[in-house]
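This is what each chain is made of:
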Protein chains: 2
Amino acid sequence: MNQTIKHQMEHRSIREFSGEPVSDAMLKSIFEVANQTATSTGMQSSSIIRVTDPTKKAALAEVCKQPYVMRTTELLIFIVDAYRNAVIAEQNNVFAESRADMDRFFQGWTDATLMAQNVTTAVESLGLGAVFFGSILNDPAAVIKILDLPKLTFPVVGVGFGWPAQEPQLKPRMPLSMKLFENSYQFPVDVEKKLVEYDKVMQTYYDLRDANKRVDSFSLQVVKRLENPIEKRGTILQVVQDQGFNLKVSASRPKEELGKLSPFT
Amino acid sequence: MNQTIKHQMEHRSIREFSGEPVSDAMLKSIFEVANQTATSTGMQSSSIIRVTDPTKKAALAEVCKQPYVMRTTELLIFIVDAYRNAVIAEQNNVFAESRADMDRFFQGWTDATLMAQNVTTAVESLGLGAVFFGSILNDPAAVIKILDLPKLTFPVVGVGFGWPAQEPQLKPRMPLSMKLFENSYQFPVDVEKKLVEYDKVMQTYYDLRDANKRVDSFSLQVVKRLENPIEKRGTILQVVQDQGFNLKVSASRPKEELGKLSPFT
């Protein structure tokens, strides 16, 4: 196992930092990695907002409902950016509808996310610790306001990083056989047994976020999440539309009922 | 610069491979990295389809309009997977609406993309080469059929990899100052000058995909892309809905006109 893969295998969320600054040289490397990240059709449809203003950090912490957002040494918000290319097109007197279509949006989302992971890998390779903030999507409209995001942009994910001040356990994942399939989507025949085993494994894991208490089984976590959705998160597409993207969905096309999903008898 | 960052800075798409197999030990490491990737709220809402069937590879190459999809040594398709957790909930007699909301969808998209980048980094750290296939979204409904994807799943991006049989140039990126902002979204004052410079840089870059011809300026590439959209790509949300996700958008909410986007006078 090489050093890169070793670090990747040791990934865990670091939520408390020493406060010691990240050196300019390290930041430069990290940002260059961000810039060199793969991008859909070369269009570079993502951008980064580095948040250094304590007031804005506090406002984001409020959205995230995670006070430790404020205590990150560095905080980057990765965004869909279809605005920059629309401006470039506009400068060339091109106002094609496609500048605001959902293809643009999803390419931007993918670009932003690839960048966020690449940055996190670079951060961790330097001995720093990092944490993702998907929780900025608790209220995307608020984040748009806090960061003065123009039309045709959208917040995707945040990454906080710095020198770690905690050493959390590695969080156990479900067995690969439950998520890696060959040629077709198909659960392994013993998936129920595997899930029971994984449920037990999760119950022996401690999450530092929750006062060092053991966590629920994975199945119970799933149930609790689905039964207690954060209201604004489910209506994210409305804000996508408000940002100027054209959802282009046929309202008349009937929505099928999901029916029974489980393949188990 | 450490070895991890060195590899990240040297990322380029490899589209032709020697055909020599990737060893089982390497594949094992790569898949374990995929599994250990960060995941939104721990829900692990993504899965991987490893495509080894030449008929399926050919069908995907057809969707991608890229014959070299067939010549990848390994081909992984990363998918949104809200199905697995919906099945787990169903086993517990929970049928909460949120199992099919867009929060689930976007969490899955982010999870799948983080995984795809982490896999690519691991692949490249081993001396292998990789290429992303965003082109699977040329026709997501076709990909769903080819890979027998159930409801509440969705294809996000493909990654092909193997031992490289070409050594492409590094593709130049726009200057960081055009995509990294502090606290607010704001172009640098000399953005137009920077763009002119970058346009020139791109014109001196050769893309191996296109018979070693020089490529257009970045601005011209943007214009051409926007003026020639691939039809089905813009209507991706329709397929998302067909996969059972609840788009929840107010049809009555008026869509604002974009107006002038450019901040330039």
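Rules used throughout
Residues numbered from 1 in each chain as written. Chains lettered and ligands numbered in written order. Predicted model: local features only at pLDDT ≥ 70, side-chain atom pairs only at ≥ 80, totals over all residues. Heavy atoms only, no water. 1 Å grid on protein atoms, 1.4 Å probe; cavity = no way out; pocket = protein on both sides within 12 Å on 5 of 7 lines; lining within 4 Å. Points joined across faces, edges and corners; volume = space filled by probe spheres on them. Helix = DSSP H or I, 4+ residues; strand = E, 2+ residues; numbered from the N terminus. Nonpolar A, V, L, I, M, F, W, Y, C, P; charged D, E, K, R; others polar. Domains from an automatic or database assignment. Contact = heavy atoms within 4.5 Å. Buried area = accessible area lost by both parts, 1.4 Å probe. Salt bridge = Lys/Arg side-chain N within 4 Å of Asp/Glu carboxyl O. Phe/Tyr/Trp six-rings, centres within 6.5 Å; stacked < 30°, edge-to-face > 60°. Buried < 20%, exposed > 50% of the residue type's maximum accessible area, 1.4 Å probe, protein only. Polar contact = N/O pair within 3.5 Å; in protein donor to acceptor, adjacent residues only side chain to side chain. Pairing = 2+ DSSP bridges. Axes fitted to C-alpha atoms, helices over the stretch in contact; angles between N-to-C directions.

**Student:** Just checking my understanding: could you explain empty space enclosed by the protein for this structure?
**Tutor:** Residues and elements named next belong to chain B. Applying the stated criterion across every chain yields a total of seven cavities of 30 Å³ or more. Volume-wise, the largest cavity comes out at about 80 Å³. Top element by residues in the lining of the largest cavity is helix α5 (residues 102-125). It accounts for five residues. Classifying every residue of the lining of the largest cavity gives one nonpolar, 11 polar and one charged.

**Student:** Help me understand the domain arrangement of chain A in this model?
**Tutor:** A common measure of how large an interface is: the accessible area buried when the components associate. Residues and elements named next belong to chain A. In terms of domains, chain A is made up of domain 1 (11-162) and domain 2 (176-235). Computed over C-alpha atoms, the centres of domain 1 and domain 2 are 27 Å apart. With seven residues of domain 1 at the contact, the number on the domain 2 side is five residues. Between domain 1 and domain 2, a total of about 500 Å² is buried, with carbon and sulfur atoms accounting for 42% of that surface. At the junction of domain 1 and domain 2, the tally comes to one salt bridge. Measuring nitrogen to oxygen at the nearest pair gives 3.2 Å for the salt bridge that ties K232 to D139. Along the lines of polarity and charge, the residues of the side of domain 1 that touches domain 2 split into two nonpolar, three polar and two charged.

**Student:** Would you take a moment to explain the packing of aromatic side chains for this structure?
**Tutor:** Between two aromatic rings, the relevant description is the distance of the centres plus the angle of the planes. Inspection of the entire model under this criterion finds 29 aromatic pairs over all chains. With centroids separated by 6.0 Å and ring planes inclined at 35°, the aromatic side chains of Y68 of chain A and F133 of chain A adopt a geometry described as tilted. Here Y68 of chain A, found in the loop between α3 (54-64) and β2 (74-81), pairs with F133 of chain A, found in strand β3 (residues 129-133); they are 65 residues apart in sequence, far enough to count as distant. There is no split in this pair, since Y68 of chain A and F133 of chain A are both buried. Between the aromatic rings of F181 of chain A and F187 of chain A, the centroid separation amounts to 6.1 Å while the plane-to-plane angle is 65°, which identifies the pairing as edge-to-face. Its relative accessible area of 15% is what places F187 of chain A among the buried residues. Among the aromatic residues, those joined into a cluster by ring pairs are F105, F106, W109, F154 and F245 of chain A together with F105, F106, W109, F154 and F245 of chain B.

**Student:** Mind showing me how you'd approach the pattern of salt bridges here?
**Tutor:** When the charged atoms of two side chains lie near each other, side chains of opposite charge can form a pair. Summed over the entire model, instances satisfying the criterion amount to 28 salt bridges over all chains. Between D81 of chain A and R84 of chain A there is a salt bridge, with its nearest N and O atoms 3.3 Å apart. For the pair D81 of chain A and R84 of chain A, a shared accessibility class is recorded, and that class is buried. Where salt bridges share partners, they join D101, D103 and R104 of chain A together with R233 of chain B into one cluster.

**Student:** What's the story with unusual backbone geometry in this structure? I'm lost.
**Tutor:** Across the chain, the bulk of peptide bonds are trans and the bulk of non-glycine residues have phi less than zero. Although it is not a glycine, N93 of chain A sits at a positive phi angle of roughly 60°. With respect to the element layout, N93 of chain A can be found in the loop between α4 (83-91) and α5 (102-125). Owing to a relative accessible area of 63%, N93 of chain A belongs among the exposed residues under this scheme. For K65 of chain B, which is not a glycine, the phi torsion comes out positive at approximately 55°. Looking at the element boundaries, K65 of chain B is found in the loop between α3 (54-64) and β2 (74-81). The exposure class assigned to K65 of chain B is exposed, which follows from its relative accessible area of 62%.

**Student:** Just checking my understanding: could you explain the interface of chain A and chain B for this structure?
**Tutor:** The interface is formed by 126 residues belonging to chain A together with 126 residues belonging to chain B. Overall, the association of chain A and chain B removes approximately 11800 Å² of surface from exposure, summing both partners, and the carbon and sulfur fraction of that is 61%. On the chain A side of the interface with chain B, the three residues burying the most area are Q36, N183 and Y185 of chain A, jointly 7% of the side's total. Two residues, D103 of chain B and R233 of chain A, come together in a salt bridge whose shortest N-O distance is 2.9 Å. Between chain A and chain B we count 67 residue pairs in polar contact (both at pLDDT 80 or more) in total. Its residues assigned to classes, the side of chain A that touches chain B comprises 59 nonpolar, 40 polar and 27 charged. As defined by bridge partners, strand β5 (residues 180-182) of chain A adjoins strand β1 (residues 46-50) of chain B across three bridges and the pair is classed as parallel.

**Student:** What am I meant to see in the sheet that holds β3 of chain A here?
**Tutor:** Backbone-to-backbone hydrogen bonds pair the strands of a sheet. The strands run either parallel or antiparallel. Pairing in this open sheet of five strands is mixed, and the strands run β3(A)-β4(A)-β2(A)-β1(A)-β5(B) from one edge to the other. Unpaired on one side and paired on the other, β3 of chain A together with β5 (180-182) of chain B mark the two borders of the sheet. The sheet shows a mean angle of 25° between the axes of neighbouring strands, taken without regard to direction. Two strands pair when backbone bridges link them, and β2 of chain A and strand β4 (residues 153-162) of chain A are joined in this way by eight bridges, in the antiparallel orientation. Residue pairing for β4 of chain A: F78 of chain A is matched across the bridge by V157 of chain A.

**Student:** Sorry if this is basic, but what is going on with the sheet that holds strand β4 (residues 153-162) of chain B here?
**Tutor:** The strand order β5(A)-β1(B)-β2(B)-β4(B)-β3(B) describes an open sheet built from five strands, whose pairing is mixed. Only two strands of the sheet have a single partner each, and these edge strands are β5 of chain A together with β3 (129-133) of chain B. With direction set aside, neighbouring strand axes in the sheet form an average angle of 25°.

**Student:** Before we go on, may I ask you to explain the environment of L180 of chain A in this structure?
**Tutor:** Relative to the elements of secondary structure, L180 of chain A occurs in strand β5. The exposure class assigned to L180 of chain A is partly exposed, which follows from its relative accessible area of 21%. Those residues within four positions of L180 of chain A in sequence are excluded, and the remaining contacts are F31, I48 and R50 of chain B.

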